[in-house]
Amino acid sequence: MNFTILLFLAPLSIWVFTIPVPPNATVTIYSSLPPLCNSTPTTPVQDPATVDIVCVNPYLHGVRIAGWINLEPAPPTPPTPIQTPEVPAVAIATGVAAVAGLSHLVSNRRELLLVPIAPIISRIKTASADDPVRKEILRVVEQMGAVTLSQIVKLTKKSWGAVQWHVYVLEREGRLKSVKIGPFTYYFTNPRTAAEIILSSVDPGSLSLEDREKLDIMASAVS
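Residues numbered from 1 in each chain as written. Predicted model: local features only at pLDDT ≥ 70, side-chain atom pairs only at ≥ 80, totals over all residues. Heavy atoms only, no water.

**Describing the sheet that holds strand β3 (residues 26-32)**
Worth spelling out the cut-off: We treat two strands as partners when DSSP finds at least two bridges between them. Here a helix means four or more residues in a row that DSSP labels H or I, a strand means two or more in a row labelled E, and each is numbered from the N terminus.
Read from one edge of the open sheet, four strands run β1-β6-β3-β4, paired in antiparallel fashion. A strand with exactly one partner marks an edge of an open sheet, and here the two such strands are β1 (2-9) and β4 (45-46).

In structure tokens, the structure reads:
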């Protein structure tokens, strides 16, 4: 979630901005604001909670306040694996005997045993690709070119935690890529298109040398 701050603070006045933490989320808040504003906490903040940004103008003239506030989500936590119960000794002995009895059948009629298993293997391989939420996330990313996590949440109308997890899985499978430019993390599938979108949405003069190199590499990538 990203906030752009631009305001004119009247003489001897105060401005308070309350940042809500998204439901069921843990975030770290980063900000770039003038010294007249208090700093944000560097430790993760968990819902339900809010953080107040306070800017005070002690002068007898107006002051321009400009900057940004970014909520960076914590890395998603994978689901707890299901514990496999121990196999009783009797079952192990029965299994060994069954394998020994079928050894001749397997060596001579292997194709008959693989035929019933093939559809199951096929379903396992395509289960991840057929997930409707991940298909929707990929559609949004491909359509927009480059998007932040908060934009994906808004466009898919899914919960913050669900989007976090599915994006994590898509990145792990190599179907989604990400790049951190300034305070924002962008997700994309086509690096050249993503570089163009990001450059059109930021001030090139505000980019660091490292961020410029990242975008140059993406822009020169082969689609």
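**Looking at the packing of helix α4 (residues 149-156) against helix α5 (residues 160-172)**
Test applied: Every axis in this analysis is a line fitted to C-alpha atoms, fitted for helices over the stretch in contact. Angles between the N-to-C directions lie between 0 and 180 degrees. Throughout, a crossing is termed right-handed when the near helix is turned clockwise from the far one, and left-handed when it is turned anticlockwise from it by less than a right angle. Residue contacts are counted whenever heavy atoms from the two residues lie within 4.5 Å of one another.
Put simply, α4 and α5 touch, their axes get as near as 10 Å, and they point 115° apart. Crossing hand, α4 versus α5: right-handed. Contact with α4, carried on its side by Leu149, Ser150, Ile152, Val153 and Thr156, involves Trp160, Val163, Gln164 and Val167 of α5 and no other residues of that element.

**Looking at the pairing of β3**
Relative to β4, β3 runs antiparallel, the two sharing two bridges. What sits directly across from Val27, in β4, is Val45. For β3 and strand β6 (residues 63-73), the ladder comprises six bridges, and the chain directions are antiparallel. From the neighbouring strand, Ser31 faces β6, where its bridge partner is Ile69.

**Considerations on the environment of Pro58**
Note the cut-off: Exposed residues in this analysis have more than 50% of their type's maximum accessible area, buried residues have under 20%, and partly exposed residues fall in between, with area computed by a 1.4 Å probe over protein chains only.
With respect to the helices, strands and loops of the structure, Pro58 is situated in the loop between β5 (50-57) and β6. Classification of Pro58 by relative accessible area gives partly exposed; the value is 48%. Along the primary structure Pro58 and Ser13 are separated by 45 residues, whereas in three dimensions their C-alpha atoms are 7.2 Å apart.

**Points about the packing of helix α6 (residues 191-201) against helix α7 (residues 209-219)**
Convention followed: Should an angle lie under 35 degrees it is considered roughly parallel, over 145 roughly antiparallel, and from 65 to 115 roughly perpendicular; all remaining angles are considered oblique. Amino acids outside the nonpolar list (Ala, Val, Leu, Ile, Met, Phe, Trp, Tyr, Cys, Pro) and the charged list (Asp, Glu, Lys, Arg) are all regarded as polar, and Gly is one of them.
Relative orientation of the contacting elements α6 and α7 amounts to 140°, with a least axis distance of 7 Å. As the angle between them shows, α6 and α7 are arranged oblique. Seen from α6, the contacting residues are Pro191, Arg192, Ala194, Ala195, Ile198 and Leu199; seen from α7, they are Leu215, Met218 and Ala219. Across the contact of α6 with α7, the residue classes tally to eight nonpolar, no polar and one charged.

**Structural notes on the nonpolar core**
Which entries qualify depends on this criterion: Grouping buried Ala, Val, Leu, Ile, Met, Phe, Trp, Tyr and Cys residues that are joined through side-chain atoms within 4.5 Å yields what is termed a nonpolar core.
Among the nonpolar cores identified, the biggest contains 33 residues, and Ile19, Ile65, Ile69, Ile152 and Val167 are the most heavily contacted of them. Counting only elements with at least two residues in this core, the list comes to β1, β2 (13-20), β3, β5, β6, α3 (132-144), α4 and α5. In this view, Ile65 contacts Ile5, Leu6, Leu7, Leu9, Pro34, Leu36, Cys37 and Cys55; residues no more than four positions away in its chain are not counted. By size, the runner-up hydrophobic cluster in this structure holds twelve residues, among which are Val179, Ile181, Ala195 and Met218.

**Notes on the confidence of the model for the chain**
Where the model shows low pLDDT, its predicted coordinates should not be examined in detail. Applicable threshold: One number per residue, pLDDT, summarises how confident the predictor is, and it ranges from 0 to 100.
Here the chain averages 77 in pLDDT, and 71% of its residues register 70 or above. Confidence drops under pLDDT 50 across residues 90-94; counting only partners more than four residues distant or on other chains, this segment forms one contact. Counting contacts from residues 96-127, a segment whose pLDDT is below 50, to residues more than four positions away or on other chains yields two contacts.

**What about a nonpolar patch on the surface?**
Definition in use: Excluding any residue in a salt bridge, patches collect residues exceeding 30% relative accessible area, merging like charges within 9 Å and nonpolar Val, Leu, Ile, Met, Phe, Trp and Tyr side chains within 5 Å. The Shrake-Rupley method, run with a 1.4 Å probe, gives the accessible areas here. Residue values count only the displayed protein chains as cover. One side-chain nitrogen of Lys or Arg within 4 Å of one carboxyl oxygen of Asp or Glu is enough to make a salt bridge.
On the surface, a nonpolar cluster with roughly 250 Å² of combined accessible area is contributed by Ile14, Val16 and Val56. Note that Val56 resides in strand β5.

**Description of unusual backbone geometry**
Where the residue is not glycine, phi is negative for most of them; where a peptide bond is considered, it is trans in most cases. Unlike most non-glycine residues, Leu12 shows phi in positive territory, near 50°. With respect to the helices, strands and loops of the structure, Leu12 is situated in the loop between β1 and β2. Looking at Leu12, the relative accessible area reads 56%, which means it is exposed. Notably, Lys157 is not glycine yet its phi reads approximately 60°, a positive angle. On the secondary structure map, Lys157 appears in the loop between α4 and α5.

**Things to note about α6**
Test applied: As used here, the arc is the angular range of directions from the helix axis to the C-beta atoms. By the criterion applied in these results, polar contacts are pairs of N or O atoms within 3.5 Å in which, for protein atoms, one can donate a hydrogen and the other can accept it, and in which residues neighboring in sequence qualify only through two side-chain atoms.
Every buried residue belonging to α6 is among Pro191, Ala194, Ala195 and Ile198, and all of these are buried. Taken end-on, α6 shows its buried residues confined to a sector of 100°, consistent with a single buried face. Seen from the open side of α6, the exposed residues pointing more than 90 degrees away from its buried face are Glu196 and Ser200. Buried residues along α6 sit in contact with β7 (177-181), β8 (184-188) and α7. Two or three places before Arg192, at the start of α6, stands the capping residue Asn190, its side-chain oxygen 3.1 Å from that residue's backbone nitrogen.

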